[in-house]
Amino acid sequence: VSIEPTGAGTITVASRLSGYLRGGGVVVPIVTALFAFLVGGLVVAAAGANPIDTYRAIFEGSGLNWLFPWVTGDDRTLAALNLQQTLILTAPLILTGLAVAFAFRAGLFNIGGQGQYLVGTFAGVYVGSSLDGTPALLHVVITILAACAAGAAWAGIAGVLKATTGANEVVSTIMLNWTAVYVGLYFFGLGGPLHSDDPAAQSIPVSEDVLESARLPVFWGDPELQGLHIGIFVALAVTALFWVLLNRSVTGYEVRAVGFNPDAAEYGGISAGRNYIKVMLICGLFAGMAGALDVLGWQFRIATNDIQVSQVGYLGIAVALLGRNTAFGTVIAALLFGALLNGTSVRNLDPTVFDPQLATNLTWIIQGLIVLFVSAPVLVTLLTRRRFIPRRKPMPKPEVMSGG
Amino acid sequence: MSTTSDARAAPPAGAGGQPGSRLRGRLARVSRAAWFGWGGVALGLIAFYITLPPILVRSLIPSLLLAAVGLGLAAVALRAGEKRVGWGAVVACVAGAFGAYGAVESGVTNLERVVVWSALLAAALRYATPLTFAALGGVVSERSGVVNIGLEGMMLTGAFFGVWGADVTSSWLGGVVIGLLAGGIMGLLHAVFSVSLRADQIVSGTAINFLAVGITGFLFVKVYGTQGTPDDLPEIPDVHLPIGWIPFIGEALEQLNLLIWVALIMVAVLSLFLFRTAQGLRLRSVGENPLAADTAGISPIRMRYYAVIASGSLAAMGGVFLSIGFVHSFSQNMTAGKGFIALAAVIFGKWKPGGALAAALLFGFSSALAQRLPVFSPTTAVLFQALPYVLTLIALAGLVGRSRPPAADGIPYERH
């Protein structure tokens, strides 16, 4: 594989956002999120609803009030149920967030989390619904590994193209997202190769059900009422792995070196191209695992409708950016978006307070606002200039001078 | 790489001279081995073409012979080190042989229903038009040095406000104007963040896309509820030309939507503007070397603002065509990645309006074909819809050669 240098003065996303990534501690993400929610509140008010009531309803729908000791009795039972749903949604968000964050640290912008997540669900539901008779634990492990492999392979396409031809990973991963959608619609649509054999589902575009042996055990709440499955622990364990991999391994060192300056990394003997492939494989693995957790944990089947409305992978971008691409930050940001998703769901949001269909779009708006604010380091610097960023000597701007 | 010639690399004498001499100069730089490679590509395509209507060769042997000769030419090109075009020829020949096999195996009636060249051309133009507008927006923005990942969102904004404007003003022209304004405002937002606040343009563009999905979805639910957009929306009219008697071209171009012609005209206008006017030169200079442009008295900030706002309006025009010129309704997230295909068309077309149009036509053709292929297999119909995305991916991987973006593309400019 011949790797050409990416050209003079390559400025990666990671290096440009380094001010945001390093400076400001937890203050900046908190202010960013608050500001996004504030603007979101204005949108709610413009739609003729009360923003405070709406946010309170979303908050209570998310079940986060379970954390307050003064919530007791029936309220507490309901809060527990809601919190279980929030954490169910949080687990895959952590993983798709990591899929974006890891790429980011290598200077790649992986918008393909959605496609990698989808092929993960496809592989998960296929392997999970076949291999009848496999012992329970083994079946779960095999299925998760299959989903990881599928996600990694899907992301690997973009990695290989980036390394060998320099194809822009933003466009290629988006194309892979849409390809995954149509592949899924074909697989599980009526007459598709993986469509359910169940006579009752002959007119419903849905997959086979995942077998009992491949389902993740529930540890909090009633399995019949969609209690919390162990996926959240899997996600947290992978987060720890992410931290070790990034900060305490040779791979992580190389990834970060390539992320800051691929040319300098090449000069130091680190192959940027090989790292692009490696990083995309790892990212796809994370996102594919997110897909496995969803189909093995609570969905148990894929309807083609789910494929089209799912936004877990796209939310991963906002999760990673808000979490400053760190392990801990990603978990917290995933919890925020999990709560937002669950709190605005049709099941949890009272339509008399705010129409859940509008609220779903509100999630997109808040997500967009957060990403927008994060994109501008100047805003961050304004917020943090005095206290957090040490004064540096003014430096000439080599990227402008080297043009031409 | 000799095939990746570029206007900027042309000798100064050619730049001011006749177009003919410029073309000859470019062709002279294509090596002989590369010619073999291009010959291989052509033979691969011909191998497929002869099995289709109107020629309809019903035997595989001529196609296989052509593909084999093409592979031989590809081998010559590869030996001489022309890797890219050589591999392109290999891909074309293998694909051509497979395509020919598929055509020979399928029934003549099916083939004649799918491959109606004039109808395919008309459909390709229809599918290409949203991409062309958005790609032109991308060219303008990136030539000024601002990467516009937000094309998708600006297009979606145009699609919604086109419908809303047409509905409110009861006139398609109102829809076009309001759609353009809305797209321009999204462009302005992108400009504020990427130019003034020196945001990372890829991240802020992604934010624009999310915002557009949210804002259009929110307004769509709020204004039209669950019933969807009204059936009696004003539509952008078609242009009837009295050229139906000309075979093929006449049949294809006889009746096309007004905006399709506008898109084609815009390609020419933008080409002239960017490469033949002083303002166009200024815009490009800001994208190549903003510091030098600033020194010469051109404000990179102002230029980039103009370019990004224009880019938003152009992308929105594509969305307006999509909603009130093509499908006559709006649905949530209806652009479905077209903005990103347009972005690929910008890269594939080497940041030139004409190149972007050619790439958009290629992707549009694949969409048109995908619409007709289900005749062969209704169960795999939905899979064919992935064709434009897969083709974009392949094109992006580059059969034509690595293209070079404007030097300052994506780099925020900071005044000292």
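Predicted model only: the values in this text are computed from it and were never measured. (Residues numbered from 1 in each chain as written. Chains lettered and ligands numbered in written order. Predicted model: local features only at pLDDT ≥ 70, side-chain atom pairs only at ≥ 80, totals over all residues. Heavy atoms only, no water.)

Trainee: Please set out the overall build of chain B residue by residue, giving values where relevant.
Mentor: On a plain count of helices and strands, chain B comes out with 19 helices and two strands. Its C-alpha atoms give chain B a radius of gyration of 23 Å, near enough to 22 Å, the size a compact globule of 416 residues would have. Overall, chain B is about 60 × 55 × 40 Å in size when its C-alpha atoms are taken along their principal axes. Looking at chain B as a whole, 54% of its 416 residues qualify as buried. Pairs at least 24 residues apart make up 75% of the contacts formed inside chain B by residues separated by at least 6 positions. Counting every atom, chain B has about 17,100 Å² of accessible surface; 68% of that belongs to carbon and sulfur. Taking the average location of the 27 positive side-chain charges in chain B and that of its 18 negative ones, the two points are 14 Å from each other. (Helix = DSSP H or I, 4+ residues; strand = E, 2+ residues; numbered from the N terminus. Rg over C-alpha atoms; globule rule 2.2 N^0.38 Å. Buried < 20%, exposed > 50% of the residue type's maximum accessible area, 1.4 Å probe, protein only. Contact = heavy atoms within 4.5 Å. Areas by Shrake-Rupley, 256 points an atom, 1.4 Å probe, with all protein chains shown as cover. Lys, Arg positive; Asp, Glu negative; His and termini not counted. Charge placed at Lys NZ, Arg CZ, Asp CG, Glu CD.)

Trainee: For the interface of chain B and chain A, give the residues involved together with the corresponding values.
Mentor: On the chain A side, the residues contacting the 55 residues of chain B number 57 residues. At the boundary of chain B with chain A, the tally comes to three residue pairs in polar contact (both at pLDDT 80 or more). Tallying contributions element by element places helix α10 (residues 201-224) of chain B first for the side of chain B that touches chain A, with 15 residues. Looking at the side of chain B that touches chain A, its residues break down into 34 nonpolar, 15 polar and six charged. (Polar contact = N/O pair within 3.5 Å; in protein donor to acceptor, adjacent residues only side chain to side chain. Nonpolar A, V, L, I, M, F, W, Y, C, P; charged D, E, K, R; others polar.)

Trainee: Tell me about helix α7 (residues 136-165) of chain A, residues and numbers included.
Mentor: Residues and elements named next belong to chain A. Over its 30 residues, α7 extends 43 Å from the first C-alpha to the last, a length consistent with the 44 Å expected when each residue adds 1.5 Å. The sharpest bend along α7 measures roughly 30 degrees and falls at Gly156. Gly166 sits one or two residues past α7 and shows a positive phi near 75 degrees. (Expected span 1.5 Å × (residues − 1). Bend = angle between axes of the 7 residues up to and from the residue.)

Trainee: Describe in detail the side chain of B:Thr132, supporting the description with residues and values.
Mentor: All names here are of chain B. Relative to the helices and strands, Thr132 resides in helix α7 (residues 117-143). The exposure class of Thr132 is buried, given its relative accessible area of 3%. If near-sequence neighbours (up to four positions away) are discounted, Thr132 is found in contact with Ala263, Val267, Leu357 and Ala360.

Trainee: Describe the pattern of salt bridges, and please don't skip the residues or the numbers.
Mentor: Residues and elements named next belong to chain A. Scanning all chains against the criterion turns up four salt bridges over all chains. Two residues, Glu169 and Lys162, come together in a salt bridge whose shortest N-O distance is 3.1 Å. Accessibility assignment for this pair places Glu169 and Lys162 in one class, buried. Notably, a salt bridge pairs Arg301 with Asp209, separated by 2.7 Å at the nearest N-O pair. Here Arg301 is found in the loop between α12 (272-299) and α13 (304-309), whereas its partner Asp209 is found in the loop between α8 (169-188) and β1 (218-220), with 92 residues between them in sequence. (Salt bridge = Lys/Arg side-chain N within 4 Å of Asp/Glu carboxyl O.)

Trainee: Could you give an account of helix α15 (residues 327-343) of chain A, with specific residues and numbers?
Mentor: Residue and element names in this part refer to chain A. Here α15 is 17 residues long and its end C-alpha atoms lie 24 Å apart, about the 24 Å a rise of 1.5 Å per residue gives. With 13 of its 17 residues buried, α15 lies for the most part within the structure. Capping of α15 at its N-terminal end is provided by Thr326; its side-chain oxygen lies 3.1 Å from the backbone amide nitrogen of Gly329.

Trainee: Describe the nonpolar core, and please don't skip the residues or the numbers.
Mentor: Membership of the largest hydrophobic core comes to 211 residues, with the highest contact counts inside it found for A:Phe102, A:Phe337 and A:Phe354. In terms of residue count, the dominant contributor to this core is helix α5 (residues 73-105) of chain A (15 residues). If we ignore the near neighbours within four places in the chain, the residues touching A:Phe337 are A:Leu93, A:Leu315, A:Ala318, A:Val319, A:Leu322, A:Gln367 and A:Ile370. Formed by seven residues, the second largest nonpolar core is a distinct cluster that contains B:Ala103, B:Val114, B:Val115 and B:Leu373. (Core = buried A, V, L, I, M, F, W, Y, C linked by side-chain atoms within 4.5 Å.)

Trainee: How would you explain a nonpolar patch on the surface if you had to name every residue and give the values?
Mentor: The grouping of A:Val26, A:Val27, A:Ile30, A:Val31 and A:Leu34 at the surface amounts to a nonpolar patch, some 420 Å² of accessible area in total. Relative to the helices and strands, A:Val26 resides in the loop between α2 (18-22) and α3 (27-46). (Patch = residues over 30% accessible without salt bridge, like charges linked within 9 Å, V, L, I, M, F, W, Y side chains within 5 Å.)

Trainee: Any chance you could break down the confidence of the model for chain B for me, citing the residues and the numbers?
Mentor: Residues and elements named next belong to chain B. Across chain B, the average pLDDT comes to 85, with 92% of residues at or above 70. Contacts of residues 1-17 to residues separated by more than four positions or lying in other chains number 24 contacts, the stretch itself having pLDDT below 50. Overall fold confidence (pTM) sits at 0.85, and the ipTM for the predicted complex is 0.85. (pLDDT = per-residue confidence, 0-100.)

Trainee: Please set out the side chain of A:Asn65 residue by residue, giving values where relevant.
Mentor: Residues and elements named next belong to chain A. Tracing the backbone shows Asn65 in the loop between α4 (51-62) and α5. For Asn65, a relative accessible area of 12% corresponds to the buried category. For Asn65, the contacting residues outside a window of four places in its chain are Phe59, Glu60, Val71 and Ala79.

Trainee: Could you give an account of the packing of aromatic side chains, with specific residues and numbers?
Mentor: Within the structure shown, the criterion is met by 31 aromatic pairs over all chains. Each ring, one from A:Tyr182 and one from B:Tyr389, has its centre 5.9 Å from the other, and the planes form 20 degrees; the classification is stacked. Placement of the pair is A:Tyr182 in helix α8 and B:Tyr389 in helix α19 (residues 387-397), with the two residues belonging to separate chains. Neither residue differs from the other here; A:Tyr182 and B:Tyr389 are each classed as buried. Relative to B:Phe161, the ring of B:Phe160 has its centre 5.2 Å away and its plane inclined at 90 degrees; by these criteria the two rings are edge-to-face. Given a relative accessible area of 1%, B:Phe160 falls into the buried group. Residue classification places B:Phe161 among the buried residues on the basis of a relative accessible area of 17%. Its end group placed over the ring of A:Tyr276, A:Lys162 keeps NZ or CZ at 5.5 Å from the ring centre. One Lys or Arg, A:Arg215, reaches over the ring of A:Phe300 and ends 3.9 Å from the middle of that ring. (Phe/Tyr/Trp six-rings, centres within 6.5 Å; stacked < 30°, edge-to-face > 60°. Lys NZ or Arg CZ within 6 Å of the ring centre and 35° of its normal.)

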